[in-house]
Amino acid sequence: MNIKVIKGDITRLDVDAIVNAANNTLLGGGGVDGAIHKAAGNELLEECRLLNGCNTGDAKYTKGYRLVAKYIIHTVGPVWQGGNSNEPELLASCYYRSLELAKSLDIKAIAFPNISTGVFGFPKIQAAEIALKTVKQFLQANPFLPIEITFVCFDDENYDLYHQLLG
Ligand code: AR6
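Residues numbered from 1 in each chain as written. Predicted model: local features only at pLDDT ≥ 70, side-chain atom pairs only at ≥ 80, totals over all residues. Heavy atoms only, no water.

(A) Just the state of the cysteines, in detail. Tallied over the entire structure, the rule returns 0 disulfides. Left unpaired, C48 is separated from the closest cysteine sulfur, that of C54, by 10 Å. A relative accessible area of 1% places C48 in the buried class. Of all cysteine sulfurs, the one in C94 lies closest to C54, which takes part in no disulfide; the gap is 8.0 Å. (Disulfide = S-S within 2.5 Å. Buried < 20%, exposed > 50% of the residue type's maximum accessible area, 1.4 Å probe, protein only.)

(B) Focus on the site of the ligand. Lining the immediate environment of the ligand, one finds 23 residues, of which N23, G30, V32, D33 and V119 sit closest. Separating an oxygen atom of the ligand from a side-chain N or O atom of T117 is a distance of 2.9 Å. The separation between an oxygen atom of the ligand and a polar side-chain atom of N158 is 3.5 Å. Protein coverage of the free-state accessible area of the ligand, which is 700 Å², stands at 90%. Judged by the fraction of its atoms near the pocket grid, the ligand is located in the largest pocket. Mapped onto the shell around the ligand, the elements with two or more residues apiece are β2 (17-22) and α1 (31-40). No other element matches the 4 residues that α1 contributes to the shell around the ligand. Residue composition of the shell around the ligand, by class: 9 nonpolar, 11 polar and 3 charged. (Near = heavy atom within 4 Å. Polar contact = N/O pair within 3.5 Å; in protein donor to acceptor, adjacent residues only side chain to side chain. Areas by Shrake-Rupley, 256 points an atom, 1.4 Å probe, with all protein chains shown as cover. 1 Å grid on protein atoms, 1.4 Å probe; cavity = no way out; pocket = protein on both sides within 12 Å on 5 of 7 lines; lining within 4 Å. Sits in = over half its atoms within 2 Å of the grid points. Helix = DSSP H or I, 4+ residues; strand = E, 2+ residues; numbered from the N terminus. Nonpolar A, V, L, I, M, F, W, Y, C, P; charged D, E, K, R; others polar.)

(C) Spatial organisation of the sheet that holds strand β1 (residues 3-7). Strands sit in the order β1-β6-β5-β2-β4-β3 across an open sheet of 6 strands; the sheet is mixed. Strand pairing shows two members of the sheet lacking a second neighbour, β1 and β3 (59-63), which therefore form its edges. This sheet shows a mean twist of 25° between the axes of neighbouring strands, independent of strand direction. Lying over the sheet, α1 contacts β2 and β4 (71-76), oriented at roughly 130° with respect to β2. (Pairing = 2+ DSSP bridges. Axes fitted to C-alpha atoms, helices over the stretch in contact; angles between N-to-C directions. Contact = heavy atoms within 4.5 Å.)

(D) Fine view of the pairing of β2. Most of β2 is tucked away, with 5 of its 6 residues classed as buried. Taken together, the 6 bridges between β2 and β4 define a ladder with parallel strand orientation. Counted as the bridge partner of N20 is H74 from β4. Bridge count between β2 and strand β5 (residues 109-112): 2 bridges; the pairing is parallel. Looking across to β5, one finds that I18 is bridged to A111.

Keep in mind these numbers describe shape, not what the thing actually does.
As structure tokens, then:
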């Protein structure tokens, strides 16, 4: 299967594109967003300023600058508000839109963090189920696309969850 799970720091990955769990401004923040901006350098922020933000559930891309990855796909996950504010659909859309963008950029290897499961408070088990289900849906819809998808977990809880779900 072309889905992998690893534990580690997404900023160091040797892939064509890494996905950033950003916010609507796309101007940086804490968590993985802060780590990516720090590792990529100030030029990233300059390009992000030109993007005019991003809607929740959507994705936009920039160059990777000082990262090994050539591109950064910035997506905005939903803030968890109890589960009745379209959070599952919006989270699924983050993964699907990011993969559609990757396809249009001819990306062969992409790495995702566990979007929305930090500051944005999405329950980790539900988020992992949505992430895996959505990625599988995309692969089924694009059966001949040569793309390798890596989930990069930063904490043990997410890592263990993904391992269990992938079997
Ligand atoms: N590599 C991989 N995963 C990481 C890294 C890293 N270097 N650092 C943290 N994580 P979060 P969100 C994991 O809070 O919940 C920012 O301020 C972390 O353990 O980064 O989508 C943005 O600007 C967690 O599992 O993103 C937004 O305002 C996952 O990344 C807001 O946070 C996501 O946690 C977005 O919140």
